[in-house]
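Read off the chains here:
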Amino acid sequence: MAINCKSTWPELLGVQGEVAEETIERENTSVDAVIVLEGSVVTADFRCDRVRVWVDKNGIVTRIPTIG
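In this text the structure is predicted, and so the values were computed from the model without any measurement.

Novice: Quick question: what am I supposed to make of the environment of Thr-43 here?
Specialist: Its place among the elements puts Thr-43 in the loop between strand 1 (32-37) and strand 2 (50-55). Beyond its immediate chain neighbours, meaning those up to four positions away, Thr-43 contacts Arg-50 and Arg-52. Separated by 2.4 Å, the side chains of Thr-43 and Asp-45 make a polar contact. One polar contact links Thr-43 to Arg-52, side chain to side chain, over a distance of 3.2 Å.

Printed below as a string of structure tokens:
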């Protein structure tokens, strides 16, 4: 991951997941944004090249997207 790259996106809380995914990948090209439905089971590993975009059943971001 490049130095001074953005690592958290609080401004995306409450927006559509697809919009958040595109924004994250545009603002930090070193990460892959992955949309995850709330309640889904995911691995607990930390990855510096991943941002999980947690969304509700309507596709709205429910957690602040952060690298990990």
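Following the structure, the description resumes.
Novice: Quick question: what am I supposed to make of the side chain of Arg-52 here?
Specialist: Here Arg-52 is to be found in strand 2. Other than its neighbours up to four places away in sequence, Arg-52 contacts Val-34, Val-36, Val-42, Thr-43, Asp-45, Pro-65 and Thr-66.

What counts, and where the lines are drawn
Residues numbered from 1 in each chain as written. Predicted model: local features only at pLDDT ≥ 70, side-chain atom pairs only at ≥ 80, totals over all residues. Heavy atoms only, no water. Helix = DSSP H or I, 4+ residues; strand = E, 2+ residues; numbered from the N terminus. Contact = heavy atoms within 4.5 Å. Polar contact = N/O pair within 3.5 Å; in protein donor to acceptor, adjacent residues only side chain to side chain.

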